[in-house]
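What follows is the residue order along each chain.
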Amino acid sequence: EAMVDMDIKPKPQQPHWYERYVQPCVAELLGSTLFIFIGCLSVVEDAEGTGRLQPALAHGLALGLTIAILGDV
């Protein structure tokens, strides 16, 4: 009786070209667009007394949202 080695591991597959090249570019485009769009909208209507706080909070929240959504890409 010949002993068969059952510890043969399959080679890990290479990621698809879409996941490797297109998906990161699309994520970067969407993230940058969201960040710039929210930042520009935050200064369109400047409420009295907010000063620099309103744009800073808007940029921070937009960045946090972008990282939370697209961070795993």
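Each remark here, short or long, concerns the structure printed above.
First, a word on what this report is: a plain description of the structure on this page. Residues take numbers from 1 onward in each chain, read along the sequence in its written order. Predicted model: local features are reported for residues with pLDDT of at least 70 only, side-chain atom pairs are reported and counted for 80 or more only, and whole-chain, interface and lining totals are derived from all residues. The side-chain figures draw on all heavy atoms in the structure; neither hydrogens nor water molecules are used.

**A look at the overall build of the protein chain**
Line of reasoning, step 1. The helix and strand inventory of the protein chain stands at two helices and zero strands.
Line of reasoning, step 2. Surface accessibility follows the Shrake-Rupley procedure with a 1.4 Å probe radius. Residue values consider only the protein chains on display as shielding. Carbon and sulfur atoms provide 65% of the accessible area of the protein chain, an area that totals close to 6,700 Å². Going along the chain from the N terminus, every DSSP run of H or I of four or more residues is numbered as a helix, and every run of E of two or more is numbered as a strand.

**Quick word on the packing of aromatic side chains**
Line of reasoning, step 1. To pair, rings of Phe, Tyr and Trp, with the six-membered ring standing in for Trp, must have centres within 6.5 Å; the planes then decide the type, stacked if under 30 degrees apart, edge-to-face if over 60, and tilted in the middle. Under the counting rule described, the total for this entry stands at one aromatic pair.
Line of reasoning, step 2. With centroids separated by 6.4 Å and ring planes inclined at 85°, the aromatic side chains of Trp17 and Tyr18 adopt a geometry described as edge-to-face.
Line of reasoning, step 3. For every residue, the accessible area obtained with a 1.4 Å probe (protein chains only) is divided by the maximum for its type, and the residue is called buried under 20%, exposed over 50%, and partly exposed between those limits. Under the relative-accessibility criterion, Tyr18 is labelled partly exposed at 39%.

**Observations regarding the side chain of Thr66**
Line of reasoning, step 1. The residue Thr66 is located in helix H2 (residues 53-70) in this model.
Line of reasoning, step 2. Taking the relative accessible area as the measure of exposure, Thr66 reaches 12% and is therefore buried.
Line of reasoning, step 3. Not counting chain neighbours up to four residues away, the residues in contact with Thr66 comprise Gly31, Leu34 and Gly71. In what follows, a contact means two residues having at least one pair of non-hydrogen atoms within 4.5 Å.

**Quick notes on the packing of helix H1 (residues 17-42) against H2**
Line of reasoning, step 1. Helix axes are fitted only over the stretch in contact, all axes being lines through C-alpha atoms; the angle between N-to-C directions runs from 0 to 180 degrees. The interhelical angle for the contact between H1 and H2, taken along N-to-C directions, is 160°, at an axis separation of 8 Å. Put simply, H1 runs roughly antiparallel to H2. Along this stretch, H1 crosses H2, giving a crossing that reads as right-handed. Taking contact as the criterion, the partners of Ala27, Leu30, Gly31, Leu34, Phe35, Ile38, Gly39 and Ser42 in H1 are, on H2, Gln54, Pro55, Ala58, His59, Ala62, Leu63, Leu65, Thr66 and Leu70.
Line of reasoning, step 2. Here the term charged refers only to Asp, Glu, Lys and Arg, the term nonpolar to Ala, Val, Leu, Ile, Met, Phe, Trp, Tyr, Cys and Pro, and the term polar to all other amino acids, Gly among them. Of the residues in the contact of H1 with H2, the class split is eleven nonpolar, six polar and no charged. Roughly parallel here means an angle under 35 degrees, roughly antiparallel means over 145, roughly perpendicular means 65 to 115, and every remaining angle is called oblique. Here a crossing is called left-handed whenever its near helix is offset anticlockwise from the far helix by less than a right angle, and right-handed whenever the offset is clockwise.

**Here's the deal with a nonpolar patch on the surface**
Line of reasoning, step 1. Judged by side-chain polarity, Phe37, Ile38, Leu41 and Val44 come together as a nonpolar surface patch covering roughly 390 Å² of accessible area.
Line of reasoning, step 2. With respect to the element layout, Phe37 can be found in helix H1. Patch rule: a residue counts if its relative accessible area is over 30% and it has no salt bridge; like charges are joined within 9 Å, and nonpolar side chains (Val, Leu, Ile, Met, Phe, Trp, Tyr) within 5 Å. Salt bridge, as used here, is a side-chain nitrogen of Lys or Arg placed within 4 Å of a carboxyl oxygen of Asp or Glu.

**Regarding H2**
Line of reasoning, step 1. To estimate the expected span of a helix, subtract one from its residue number and multiply by 1.5 Å. Taking 1.5 Å of rise per residue, 18 residues should cover 26 Å, and H2 covers 25 Å from first to last C-alpha, within 8% of that figure.
Line of reasoning, step 2. In the core, the buried residues of H2 are packed alongside H1.

**Some remarks on H1**
Line of reasoning, step 1. Over its 26 residues, H1 runs 37 Å from end to end, which matches the ideal 38 Å to within 8%, given 1.5 Å per residue.
Line of reasoning, step 2. By the largest-angle criterion, Gln23 marks the main kink of H1, which is about 35°, and a proline, Pro24, follows within four residues.
Line of reasoning, step 3. Residues Ala27, Gly31, Gly39 and Ser42 constitute the buried set of H1. Note on bend: at a given residue it equals the angle between the axes fitted to the 7 residues ending there and to the 7 starting there.

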